Amino acid sequence: MRSYVQPGDSLALAVPYAGGVTSGQGVLVGALFGVAAVDGVQNAVIECQTKGVFDITKQPALAITAGARLFWDDTNRRLTTTATGNFQVGIAAVAALAADTTVRAVLLRAPASGA
């Protein structure tokens, strides 16, 4: 097919954060959400995985049930279950305890949606 470019499981995105990102951190660029494949400084173009299951930093002291909708808190750069002011990016694959620092997330294929 002449118009085919790539599968889209990963995309090159410019790091939007002043402090940069490290491999495994979430990255939100507009409505595109992915997980950084490598470390990158602000404005560097890096590969971000947009499909798959990842352990991503979550809001501290928050217990999350399996199947819960997950939202990206771009200010604090972590996942939460709070929709207001955040962007839905995935679903919890397994429950996370309040003491856990990460939650196992299945990334959504749809663009991140603000609440």
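Residues numbered from 1 in each chain as written. Predicted model: local features only at pLDDT ≥ 70, side-chain atom pairs only at ≥ 80, totals over all residues. Heavy atoms only, no water.

Here we look at the overall build of the chain
Turning to step 1, where the next piece is worked out: On a plain count of helices and strands, the chain comes out with zero helices and ten strands.
Turning to step 2, where the next piece is worked out: For the chain, the sequential pattern of α-helices and β-strands runs β-β-β-β-β-β-β-β-β-β.
Turning to step 3, where the next piece is worked out: Principal axes of the C-alpha set define a box for the chain whose edges measure 45 × 35 × 25 Å.
Turning to step 4, where the next piece is worked out: A burial count over the chain gives 34% of its 115 residues as buried.
Turning to step 5, where the next piece is worked out: Expressed as a percentage of contacts within the chain between residues at least 6 apart in sequence, the contacts between residues at least 24 apart total 48%.
Turning to step 6, where the next piece is worked out: Summed over its atoms, the accessible surface of the chain is roughly 6,300 Å², and 56% of this surface lies on carbon and sulfur atoms.
Turning to step 7, where the next piece is worked out: Between the mean site of the 8 positive side-chain charges and the mean site of the 7 negative ones, the chain shows a separation of 7 Å. (Helix = DSSP H or I, 4+ residues; strand = E, 2+ residues; numbered from the N terminus. Buried < 20%, exposed > 50% of the residue type's maximum accessible area, 1.4 Å probe, protein only. Contact = heavy atoms within 4.5 Å. Areas by Shrake-Rupley, 256 points an atom, 1.4 Å probe, with all protein chains shown as cover. Lys, Arg positive; Asp, Glu negative; His and termini not counted. Charge placed at Lys NZ, Arg CZ, Asp CG, Glu CD.)

Remarks on unusual backbone geometry
Turning to step 1, where the next piece is worked out: One non-glycine residue, alanine 61, lies in the positive phi region at around 60°.
Turning to step 2, where the next piece is worked out: Along the chain, alanine 61 falls in the loop between strand E5 (53–57) and strand E6 (69–73).
Turning to step 3, where the next piece is worked out: The exposure class assigned to alanine 61 is exposed, which follows from its relative accessible area of 65%.
Turning to step 4, where the next piece is worked out: Backbone geometry places arginine 77, a non-glycine residue, at a positive phi of 55°.
Turning to step 5, where the next piece is worked out: Position of arginine 77 relative to the elements: it lies in the loop between E6 and strand E7 (78–80).

Some points on the environment of asparagine 43
Turning to step 1, where the next piece is worked out: Within the secondary structure, asparagine 43 is located in the loop between strand E3 (32–36) and strand E4 (45–49).
Turning to step 2, where the next piece is worked out: Separated by 26 residues in the primary sequence, asparagine 43 and tyrosine 17 have C-alpha atoms spaced 7.8 Å apart.
Turning to step 3, where the next piece is worked out: Those residues in contact with asparagine 43 that sit more than four places away from it in its chain are Ala14 and Val15.

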